[in-house]
Amino acid sequence: MASISVQHVSKVYPGDVTAVKDCNLEIPDKEFIILVGPSGCGKSTILRMIAGLEEITEGDLYIGDRCVNDVPAKDRDIAMVFQSYALYPHMSVYKNMGFALEMRKMPKDEIDRRVREAAKSLDIEHLLDRKPKALSGGQRQRVALGRAMVRNPAVFLLDEPLSNLDAKLRASMRTELTKLHKKLGTTFVYVTHDQTEAMTMGDRIVVLNNGIVQQVDTPQKLYNAPCNIFVAGFIGSPQMNFLDAVLQKDGGNYCLEVNGDRHCLPAERAGEELKPYIGRSVKFGIRPEDIHDSDAFAAAHAGSLIDVDIDVSEPMGSEVFLYLKYGEFELTARVAPTTALKAGDHSKIAVDMSRVHLFDAESKEAILNL
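What comes next is a walk through the structure.

Definitions and cut-offs
- Residues numbered from 1 in each chain as written.
- Predicted model: local features only at pLDDT ≥ 70, side-chain atom pairs only at ≥ 80, totals over all residues.
- Heavy atoms only, no water.
- Helix = DSSP H or I, 4+ residues; strand = E, 2+ residues; numbered from the N terminus.
- Buried < 20%, exposed > 50% of the residue type's maximum accessible area, 1.4 Å probe, protein only.
- Contact = heavy atoms within 4.5 Å.
- Disulfide = S-S within 2.5 Å.
- Pairing = 2+ DSSP bridges.
- Core = buried A, V, L, I, M, F, W, Y, C linked by side-chain atoms within 4.5 Å.
- Axes fitted to C-alpha atoms, helices over the stretch in contact; angles between N-to-C directions.
- Parallel < 35°, antiparallel > 145°, perpendicular 65-115°, else oblique.
- Left-handed = near helix turned anticlockwise from the far one by under 90°.
- Salt bridge = Lys/Arg side-chain N within 4 Å of Asp/Glu carboxyl O.
- Polar contact = N/O pair within 3.5 Å; in protein donor to acceptor, adjacent residues only side chain to side chain.

**Observations regarding the overall build of the protein chain**
Okay, step 1: What the protein chain contains, in helices and strands, is 9 helices and 21 strands.
Okay, step 2: Taking the principal axes of the C-alpha coordinates as reference, the protein chain spans close to 80 × 45 × 40 Å.
Okay, step 3: Within the span of the protein chain, comprising 370 residues, buried residues form 48% of the whole.
Okay, step 4: Counting only contacts in the protein chain whose residues sit at least 6 apart along the sequence, the fraction spanning at least 24 positions is 66%.

**Considering the state of the cysteines**
Okay, step 1: Scanning all chains against the criterion turns up 1 disulfide.
Okay, step 2: Disulfide pairing places cysteine 255 opposite cysteine 264 at an S-S distance of 2.2 Å. Across the disulfide from cysteine 255 to cysteine 264, rotation about the S-S bond amounts to roughly 65°, and the bridge is consequently right-handed.
Okay, step 3: The exposure class assigned to cysteine 255 is buried, which follows from its relative accessible area of 0%.
Okay, step 4: Of all cysteine sulfurs in the structure, the one in cysteine 41 sits closest to cysteine 23, which takes part in no disulfide; the separation is 11 Å.
Okay, step 5: Using a relative accessible area of 1% as the deciding quantity, one classes cysteine 23 as buried.
Okay, step 6: Cysteine 23 supplies the cysteine sulfur nearest to cysteine 227, a cysteine that is in no disulfide, at a spacing of 14 Å.

**Regarding the pairing of strand 2 (residues 17-27)**
Okay, step 1: In this sheet, strand 2 lies alongside strand 1 (residues 4-13) in antiparallel orientation, the contact comprising 7 bridges. Among the inter-strand pairings, valine 9 is bridged to a residue of strand 2, identified as cysteine 23.
Okay, step 2: Counting the residues in the hairpin turn of strand 1 and strand 2 gives 3 residues, including glycine 15, whose phi is positive at 90°.

**Quick word on helix 1 (residues 43-51)**
Okay, step 1: With respect to burial, helix 1 is a largely interior element, 7 of its 9 residues being buried.
Okay, step 2: Turning to helix 1, its buried residues number three or more, namely Lys43, Thr45, Ile46, Leu47, Met49, Ile50 and Ala51.
Okay, step 3: Following helix 1 by one or two positions, glycine 52 has its phi on the positive side, about 90°.

**So, the nonpolar core**
Okay, step 1: In this structure, Ile34, Met97, Leu145, Leu158, Leu177 and Tyr190 are the most contacted members of the largest nonpolar core, which totals 44 residues.
Okay, step 2: Looking at this core element by element, the count peaks at 5 residues for helix 4 (residues 137-149).
Okay, step 3: When neighbours within four sequence positions are excluded, leucine 145 is seen to be in contact with Val81, Leu122, Phe156, Leu158, Met173, Leu177 and Leu180.

**Notes on the sheet that holds strand 21 (residues 366-369)**
Okay, step 1: Sheet architecture is open: 6 strands sit in the order 13-12-11-14-20-21, paired in antiparallel fashion. The sheet is open, and its two borders are formed by strand 13 (261-264) and strand 21, each paired with just one other strand. Between one strand axis and the next, the sheet turns by 35° as a mean value, whatever way the strands run.
Okay, step 2: Across 5 bridges, the pairing between strand 11 (residues 241-250) and strand 12 (residues 253-258) is antiparallel. Opposite lysine 249, over in strand 12, you have tyrosine 254 as the bridge partner.

**Examining the packing of helix 2 (residues 93-103) against helix 4**
Okay, step 1: Close contact between helix 2 and helix 4 brings their axes to 8 Å; oriented N to C, the two are set at 30°. Considered as vectors, helix 2 and helix 4 are oriented roughly parallel to each other. By crossing handedness, the relation of helix 2 to helix 4 is classed as right-handed. From helix 2, Val93, Asn96 and Met97 reach across to helix 4, where they touch Val143, Gly146 and Arg147.

**Concerning the pattern of salt bridges**
Okay, step 1: Taken as a whole, this structure holds 19 salt bridges when the rule is applied.
Okay, step 2: Residue lysine 275 is joined to glutamate 272 by a salt bridge in which the shortest nitrogen-to-oxygen separation is 3.2 Å.
Okay, step 3: Lysine 342 is the salt-bridge partner of aspartate 345, the closest N and O atoms lying 3.6 Å from each other.
Okay, step 4: For lysine 342, a relative accessible area of 51% translates into the label exposed.
Okay, step 5: When salt bridges that share partners are traced, they join Glu110, Arg113, Arg114 and Glu117 into one network.

**Let's talk about the environment of histidine 181**
Okay, step 1: With respect to the helices, strands and loops of the structure, histidine 181 is situated in helix 5 (residues 167-184).
Okay, step 2: As for histidine 181 and lysine 30, which are separated by 151 residues in sequence, their C-alpha atoms are 8.2 Å apart.
Okay, step 3: Within the local environment of histidine 181, its side chain forms a polar contact with the backbone oxygen of threonine 186, the two atoms lying 3.1 Å apart.

**Quick look at the side chain of serine 304**
Okay, step 1: Positionally, serine 304 belongs in the loop between helix 9 (295-300) and strand 16 (305-315).
Okay, step 2: We classify serine 304 as buried; its relative accessible area is 5%.
Okay, step 3: Among the polar contacts listed, one links the side chain of serine 304 to the backbone oxygen of valine 351, at a separation of 2.9 Å.
Okay, step 4: When residues no more than four places from it in sequence are discounted, the contact partners of serine 304 are His263, Ile349, Ala350, Val351 and Met353.

**Points about unusual backbone geometry**
Okay, step 1: Of note, the amide linkage connecting serine 237 to proline 238 takes the cis form, showing an omega dihedral of -5°.
Okay, step 2: Note that proline 238 resides in the loop between helix 8 (229-234) and strand 11.
Okay, step 3: In this structure, lysine 105 takes a positive phi of about 65° despite not being glycine.
Okay, step 4: Examined against the element boundaries, lysine 105 turns out to sit in the loop between helix 2 and helix 3 (108-121).
Okay, step 5: By relative accessible area, lysine 105 is classed as exposed at 72%.

Written as structure tokens, this is what we have:
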């Protein structure tokens, strides 16, 4: 088993194209860490540098206590699972899983033991004689995982392994991968662009944008205390709503002026960090689930009501997404399926001011996360 240390690592491609800039990550042994971000953010490049499939332009990379900058991929004690599965079509499942061990001249009885143990843990024992073309997408993914498992690697690297699966199978495979990580007790580094996968699977999440690490934290801390507007908008589905506001001091209270309305922050929650922003423009963030349509909530929060027009009502079964027009701003609210609001309605709804996020309008950095 092994930890991974990425120290001031950068990757620059010909033409002075910077894919990763000054990346620093400390991944403890046995952690399940997720690299997440939009397409082109550098997450797969980082994974490929850990794997040894991309050369490092600057910095140092350690697996365990060994600097592996110049160590070939085959000697890094890692196993990689790709989006495309990359199975040999002419070989049986058994042969696919054992092929790398055969190339290492491992004894046949040891190969057989490892293949059958991995197949049992992945529930694919009954598929060992089949060819890949006779397997479903989920079964092929399990075979790809089994092929990696038989090598007993110190580190598993997974590059968007579920993106080819349908939504239902993707959800079940998320659970299976989490169970597999606990069973193997091995370091997992997992790349995805799907923040739902990131939130549900990882011990910690690395959020990347334009080749730069934005924030590294647990899923809940990323959700509740994003360090900047990018992280706040990327983590969460539907994403956080952002409004332009001006921060004012009203007696002992801090208030946000937005769209002609004034909404006060809870006096006990707003502190000294807001003083430099009095009279200045700020970005006001509120998550969809913190906009409420219930009469009881509205009655208890009369000072935070806003007038909105309902553009679209989107039933999701267990909840309803309301797409709202609030002056020049478009908002999304996540409400109970019992809501009476529908498209075309004009209504007053309440914003939970105890769940506000404030960001510097220029630097985009977080000022306050309530």
